[in-house]
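Notes for the structure review
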Amino acid sequence: GEERHIEVILKTIADVGLVGYPNAGKSTLIAAISDAHPKTAPYPFTTLHPVVGVVEYPDYYRLTMADIPGLIDGAHNNVGLGHDFLRHIERTRLLAFVIPIESEDWHGKFDQLRNEIRSYSEALAEKPYCVVFSKLDLLGESYVPEIEAPGAFGKFAISAPGRMGLDDLLDASAIVVGSPTY
């Protein structure tokens, strides 16, 4: 007889991958717009495994979204299980960089996330992407910060619990993914 050892690596498949630092609001966002029920809490590293949710549109179109556990600096070097987390977004069609609006340096956070992605995989860095400013309810007003994001298909400010800005984000994502009705 012959013996063979095969290593199989499971990668989550989704249309949209939510990428951000811990406690950025990714789980709250996916819980608000999809059928997913991830654990949410006001402390970092609540999400330990990717969560995939299905977003249902009024015209029966469906979009899948993956909530990836929070990345930390050095994830591209496998710091903090970085490769395990980054591997899941390799099979998404577009990326949504989620940055809490209360961050003091939006642009710095965005640049760090983009650099982690680019350092891990140039092909991943070339995917269509948008910037999503979360936790808009903390400001109490509708405000999209100015940020340089060359090539982004959109910049959105949202409040998942307050359901503010979600329709614009979902409509733009459906267009980029290729919905036949958007």
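Remember, predicted model here, so these are calculated numbers, not experimental data.

Cut-offs applied
- Residues numbered from 1 in each chain as written.
- Predicted model: local features only at pLDDT ≥ 70, side-chain atom pairs only at ≥ 80, totals over all residues.
- Heavy atoms only, no water.
- Core = buried A, V, L, I, M, F, W, Y, C linked by side-chain atoms within 4.5 Å.
- Buried < 20%, exposed > 50% of the residue type's maximum accessible area, 1.4 Å probe, protein only.
- Helix = DSSP H or I, 4+ residues; strand = E, 2+ residues; numbered from the N terminus.
- Contact = heavy atoms within 4.5 Å.
- Phe/Tyr/Trp six-rings, centres within 6.5 Å; stacked < 30°, edge-to-face > 60°.
- Lys NZ or Arg CZ within 6 Å of the ring centre and 35° of its normal.

A word on the nonpolar core
Residues Leu18, Leu63 and Met65 are the most contacted members of the largest nonpolar core, which totals 25 residues. At the level of elements, strand 1 (14–20), helix 1 (26–33), strand 3 (62–67), strand 4 (92–100), strand 5 (129–134) and helix 5 (166–177) are the ones that each hand at least two residues to this core. Per-element tally for this core: the top contributor is helix 5, with 6 residues. Each residue touching leucine 18, except ones within four places of it in the same chain, is listed here: Lys26, Leu29, Ile30, Met65, Ala66, Asp67, Ile68, Ala96 and Val98. Counting 24 residues, the second largest nonpolar core, distinct from the first, contains Val19, Ala66, Ile99 and Tyr129.

Considerations on the packing of aromatic side chains
This model, assessed by the stated rule, comprises 5 aromatic pairs. Here the aromatic rings of phenylalanine 97 and phenylalanine 110 are separated by 5.7 Å at their centres, their planes lie at 85°, and the arrangement is edge-to-face. Of this pair, phenylalanine 97 sits in strand 4 while phenylalanine 110 sits in helix 3 (residues 106–120), and the two are 13 residues apart along the sequence. Accessibility classification places phenylalanine 97 together with phenylalanine 110 in one group, the buried group. Consider the rings of tryptophan 106 and phenylalanine 133, whose centres lie 5.9 Å apart with planes at 70°: the pair is edge-to-face. In this pair, tryptophan 106 is assigned in helix 3 and phenylalanine 133 in strand 5, connecting sequence segments 27 residues apart. Its relative accessible area of 0% is what places phenylalanine 133 among the buried residues. What links up through ring pairs into an aromatic cluster is the set Phe97, Phe110 and Tyr129. If you follow lysine 109 out to its NZ or CZ, it ends over the ring of tyrosine 21, 5.2 Å from the centre. The residue whose ring lies beneath arginine 114 is tyrosine 129, and the NZ or CZ to ring-centre distance is 4.1 Å.

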